[in-house]
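Tertiary structure, described
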Amino acid sequence: MTFTPFETARLRLRPQEARDAGFALCIWGDPITGKYLSDPVLDDIDDLNEYMELLRNLSDSTDCYYVIAEDKVTHQPIGTCCAVVKDGGSCWDIGYCIHPTCWRKGYAKEMVNALVQFGAQNGIKTVLADVAAENAGSCGVMRALGFTPTENGTFRRSGSQTEYKNLTFKKEL
């Protein structure tokens, strides 16, 4: 889904484009950065060309906003986030990933808050975010932004046998 880019104090959030596929692959497929994501680890991708083509076409999605957050000054990408539209458009299920060079600098909180505000401006009433219970950083971001954990479950990273306990965080707007 496309949208008009918007900004925060330090970031510009814009629709993910085909040129962003390499960046997304590097952080989502990294065993450390992507540890708590459902995307497969790079070594587990059987057909890298096919997967890259899928990433190049994410902006064609009709039910998900795929977003690149970039530094407003340098225009370097620092992270990704997405919002899957659910419940007839009244709910978004969000996810995000930050490049490790940008960890612990407040970018995740700034990016997620901007995405939530964007949703609120577009009529979203509820935002959900699934977070691995052991991912203290992301759980902290969710709590700092006023999300509360509502459900427990488990998930497994694609191609992995490792299972994580999951918390579903919820925020009513």
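In this convention, every chain numbers its residues from 1, walking through the sequence in written order. A pLDDT threshold of at least 70 governs which residues receive local features in this predicted model, and a stricter bar of 80 or more applies before side-chain atom pairs are shown or counted, although totals over entire chains, interfaces and linings include all residues. Side-chain figures throughout are based on the complete set of non-hydrogen atoms in the structure, without hydrogens or water.

Under an unreviewed UniProt entry, the name given to the protein chain is GNAT family N-acetyltransferase, and the source organism is Faecalibacterium hominis.

Considerations on the overall build of the protein chain
Secondary structure elements are defined from DSSP: runs of H or I of at least 4 residues count as helices, runs of E of at least 2 residues count as strands, and each element is numbered from the N terminus. Looking only at helices and strands, the protein chain has four helices and eight strands in total. Put simply, the protein chain runs from its N terminus to its C terminus through helices and strands in the order β-β-α-α-β-β-β-α-β-α-β-β. Residue burial in the protein chain is summarised as follows: out of 173 residues, 46% are buried. Excluding contacts between residues fewer than 6 apart, the proportion of contacts in the protein chain whose partners are at least 24 apart in sequence is 62%. For the accessible areas, the method is Shrake-Rupley and the probe is 1.4 Å, while residue cover comes only from the protein chains on display. Taken as a whole, the protein chain presents about 9000 Å² of accessible surface, with 49% of it coming from carbon and sulfur. Positive and negative side-chain charges of the protein chain, numbering 18 and 23 respectively, have mean locations separated by a distance of 9 Å. Buried residues are those whose accessible area, probed at 1.4 Å on protein chains only, stays under 20% of the maximum for their type, while exposed residues exceed 50% and partly exposed ones sit between those limits. We call two residues contacting when some pair of their heavy atoms lies within 4.5 Å. Two residue types count as positive, namely Lys and Arg, and two as negative, namely Asp and Glu; His and chain ends fall outside the count. Positions of charges follow a simple convention, taking NZ of Lys, CZ of Arg, CG of Asp or CD of Glu.

A look at helix H1 (residues 21-28)
By the criterion of burial, H1 is predominantly enclosed, with six of the eight residues buried. Of the residues making up H1, those classed as buried are Ala21, Phe23, Ala24, Leu25, Ile27 and Trp28.

What about helix H3 (residues 107-121)?
Taking 1.5 Å of rise per residue, the 15 residues of H3 would be expected to cover 21 Å, and the 21 Å separating its terminal C-alpha atoms lies within 8% of that figure. Those residues of H3 not exposed but buried are Tyr107, Ala108, Glu110, Met111, Val112, Ala114, Leu115, Val116, Phe118 and Gly119. Just downstream of H3, Gly123 is the residue with a positive phi angle, here 85 degrees. In this scheme, a helix's expected span is set at 1.5 Å multiplied by one less than its residue total.

With respect to the nonpolar core
Grouping buried Ala, Val, Leu, Ile, Met, Phe, Trp, Tyr and Cys residues that are joined through side-chain atoms within 4.5 Å yields what is termed a nonpolar core. Counting residues in each nonpolar core, the largest one holds 34 residues, and the members touching the most others are Leu13, Ile94, Tyr96 and Met142. Top element by residues in this core is H3. It accounts for eight residues. Among residues more than four places away in sequence, those in contact with Tyr96 are Leu37, Thr80, Cys81, Ala108, Met111, Val112, Ser138, Val141 and Met142.

Examining the environment of Gly89
Considering the arrangement of structural elements, one finds Gly89 in the loop between strand E4 (77-86) and strand E5 (91-98). Relative accessible area serves as the criterion here: at 25%, Gly89 is assigned to the partly exposed category. Distance in space between the C-alpha atoms of Gly89 and Tyr51 is 28 Å, their sequence separation being 38 residues.

Here's the deal with the pairing of E5
Across the eight residues of E5, seven count as buried, placing the element largely inside the fold. Pairing between two strands requires that DSSP report at least two bridges joining them. Counted along the chain from E4 to the antiparallel partner E5, the turn is four residues long, and its residue Asp87 has a positive phi close to 50 degrees. Where E5 meets strand E6 (residues 126-132), four bridges bridge the pair, whose relative direction is parallel. Across the sheet, Cys91 pairs through a bridge with Thr126, a residue of E6. The path from the first strand over the helix to the second decides the hand: if it runs clockwise while the strands point away from the viewer, the crossover is right-handed. Following the chain from E5 across H3 to the adjacent parallel E6, one finds a crossover that is right-handed.

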